[in-house]
Amino acid sequence: MILADKIINLRKKAGWSQDELAAQLNVTRQSVSKWEGAQSVPDMERIVQMSRLFGVTTDYLLKDELESEEFNTSESESTLRRVTMEEASGYLAIRKADAPKIALAVLLCVISPVVLILMACMCESGYFGISEDAGAGIGLCVMLCIVAAAVVLFIRTAHRAENFEFLEKEAFETEYGVASMVKERKKEFSEQYSRLNALGTVLCILSVLPIFAALAFSLPDVWAGVSVCLLLVLVAFGCYAFVYGGVYNSAMNKLLEEGDYTRENKKKNAVFGAVSTAYWLIVTAIFLYCTFGPNGNGQPGTLWYIWVVAGVLYGAIAAFREVILHSNGKK
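Thresholds applied
- Residues numbered from 1 in each chain as written.
- Predicted model: local features only at pLDDT ≥ 70, side-chain atom pairs only at ≥ 80, totals over all residues.
- Heavy atoms only, no water.
- Salt bridge = Lys/Arg side-chain N within 4 Å of Asp/Glu carboxyl O.
- Helix = DSSP H or I, 4+ residues; strand = E, 2+ residues; numbered from the N terminus.
- Core = buried A, V, L, I, M, F, W, Y, C linked by side-chain atoms within 4.5 Å.
- Buried < 20%, exposed > 50% of the residue type's maximum accessible area, 1.4 Å probe, protein only.
- Axes fitted to C-alpha atoms, helices over the stretch in contact; angles between N-to-C directions.
- Parallel < 35°, antiparallel > 145°, perpendicular 65-115°, else oblique.
- Left-handed = near helix turned anticlockwise from the far one by under 90°.
- Contact = heavy atoms within 4.5 Å.
- Nonpolar A, V, L, I, M, F, W, Y, C, P; charged D, E, K, R; others polar.
- Phe/Tyr/Trp six-rings, centres within 6.5 Å; stacked < 30°, edge-to-face > 60°.
- Lys NZ or Arg CZ within 6 Å of the ring centre and 35° of its normal.
- pLDDT = per-residue confidence, 0-100.
- Expected span 1.5 Å × (residues − 1).

A.B. asks: Help me understand the pattern of salt bridges in this model?
C.D. replies: Close approach of charged atoms allows side chains of opposite charge to pair. All chains considered together, the criterion is met by 9 salt bridges. Residue Glu168 is joined to Lys254 by a salt bridge in which the shortest nitrogen-to-oxygen separation is 3.3 Å. With Glu168 in the loop between α9 (132-160) and β2 (172-174) and Lys254 in helix α12 (residues 222-256), this pair connects stretches of sequence that are 86 residues apart. Each of Asp98, Lys101 and Arg160 takes part in one network of salt bridges that share partners.

A.B. asks: What is the right way to read the nonpolar core from this model?
C.D. replies: Soluble globular proteins: nonpolar side chains tend toward being buried together. Among the nonpolar cores identified, the biggest contains 20 residues, and Val83, Leu92, Leu167, Val182 and Leu255 are the most heavily contacted of them. Secondary-structure elements contributing two or more residues to this core are α7 (85-111), α10 (178-206) and α12. Formed by 15 residues, the second largest nonpolar core is a distinct cluster that contains Leu10, Met50, Leu53 and Tyr60.

A.B. asks: In this structure, what is going on with the packing of α7 against α10? I would like to understand it.
C.D. replies: In helix packing, the relevant descriptors are the interaxial angle and the interaxial distance, both defined with respect to the helix axes. The contact between α7 and α10 brings their axes to 10 Å, and the two run at 25 degrees. Compared by their axis directions, α7 and α10 come out roughly parallel. Note on packing geometry: the crossing formed by α7 with α10 is right-handed. Of the residues in α10, those in contact with Met85, Ala88, Ser89 and Leu92 of α7 are Val178, Met181, Val182 and Arg185. Among the residues forming the contact of α7 with α10, the class breakdown is 6 nonpolar, 1 polar and 1 charged.

A.B. asks: Help me understand the packing of aromatic side chains in this model?
C.D. replies: Aromatic rings in a pair are described by how distant their centres are and how their planes are angled relative to each other. Using the criterion set out here, one finds 6 aromatic pairs in the structure. Summarising the aromatic geometry, the rings of Phe166 and Phe172 are spaced 6.1 Å apart at their centres and angled 85 degrees between planes, so their arrangement reads as edge-to-face. Across the pair, exposure class does not vary: Phe166 and Phe172 are buried alike. Site record: aromatic cluster; members linked through ring pairs are Phe189, Tyr193 and Tyr248. A cation over a ring is seen here: Lys6 above Tyr60, with NZ or CZ 4.5 Å from the ring centre. Lying across the ring of Phe166, Arg81 places its NZ or CZ 4.0 Å from the centre.

A.B. asks: How do you make sense of helix α4 (residues 44-54) when you look at a structure like this?
C.D. replies: Because an α-helix completes one turn every 3.6 residues, residues spaced three or four positions apart along the sequence face the same direction. Of all 11 residues making up α4, 8 are buried, and the element is well covered by its neighbours. On its buried side, α4 packs onto α1 (3-14), α2 (18-25), α3 (29-36) and α5 (58-62). Just downstream of α4, Gly55 is the residue with a positive phi angle, here 70 degrees.

A.B. asks: I keep staring at the confidence of the model for the protein and nothing clicks. Help me out?
C.D. replies: Regions with low pLDDT carry predicted coordinates that are not meant to be interpreted in detail. Looking at the protein, pLDDT values average 80 and 78% of them are 70 or higher. Mean pLDDT per element in the protein: helix α6 (residues 73-76) is the minimum at 46, and α7 is the maximum at 92. Across residues 74-78 the pLDDT falls below 50, and counting only partners more than four positions away or on other chains, this stretch makes 4 contacts in the model.

A.B. asks: Before we go on, may I ask you to explain α1 in this structure?
C.D. replies: The end-to-end C-alpha distance of α1, which contains 12 residues, comes to 16 Å, matching closely the 16 Å that a straight helix rising 1.5 Å per residue would cover. Every buried residue belonging to α1 is among Leu3, Ala4, Lys6, Ile7, Ile8, Leu10 and Arg11, and all of these are buried. At its buried positions, α1 is contacted by α2, α3, α4 and α5. Two residues or fewer after α1 comes Gly15, characterised by a positive phi angle close to 75 degrees.

A.B. asks: Just to check I follow, could you spell out the environment of Arg185 for this structure?
C.D. replies: Here Arg185 lies in helix α10. When its relative accessible area of 28% is taken as the criterion, Arg185 is described as partly exposed. Taking C-alpha positions, Arg185 is 8.2 Å from Met252, a pair spaced 67 residues apart along the chain. With near-sequence residues (within four places) excluded, Arg185 lies in contact with Ser89, Leu92, Tyr248 and Met252.

Rendered as structure tokens:
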């Protein structure tokens, strides 16, 4: 039996049309039609792909004298989920489109307390002529609205990628050609990724300049709060650059099971995610207790420093985690 007849038989057994098989192999329907009409022969990459798709050996496909199907035992016994070329391309397209939205959500989270801090400083100085209670109420309302907008963006982008959550939690296999496609896209994106990281780093370094300027020029107390707001804005745009590039780069690392997404690190990431959630819940509880607890007066005042300290500590924890992961990866 020639290769053309074998492709026809295997395709029909799988219940696929020529269009569906073409989509699985990332070729045109005309190519499949020519293979089945013995007008052309698929290259070796497509032969291997069909071997995996149909669960037969490449010998069975290539050797005309083999009439009975020879099943690929190692492939059929694999319990790992296989990612097709179509799935990989679709996932990368989703993450590339969602990267600016996720980055914007992070930016909103970072700048969310800015209005609250400004209102507290202005009311304390009597600039607006409104009470501290009213200023705190306005600031909290604005902060909650900004956070709510960020949460909406997080939920919508997470929903679009929910079918691919297994990539960062489970071990999986990719079809032939997927890894080379992802590596090529990663190579193309590397320069832009480097620029975004450099921009984010510069903004985060420069973010302390407003505070130093306020101290150096002995500005009024109100400018201490303004300088902190400027710091948050600069950090927010730095985070935007980091996340914008990081989302797409992480998507490619997930498909390649590299970096933070090796099979060993996936188990550790689950633990760190739970710790991160608990950490920020505790920070929020401390802020609320200090503001509205028995010793608080219901005014945030200078309690914004809790978020600054928490952010610095979280960055240190994340950096320490990266060092541990990389050191373990080199062993």
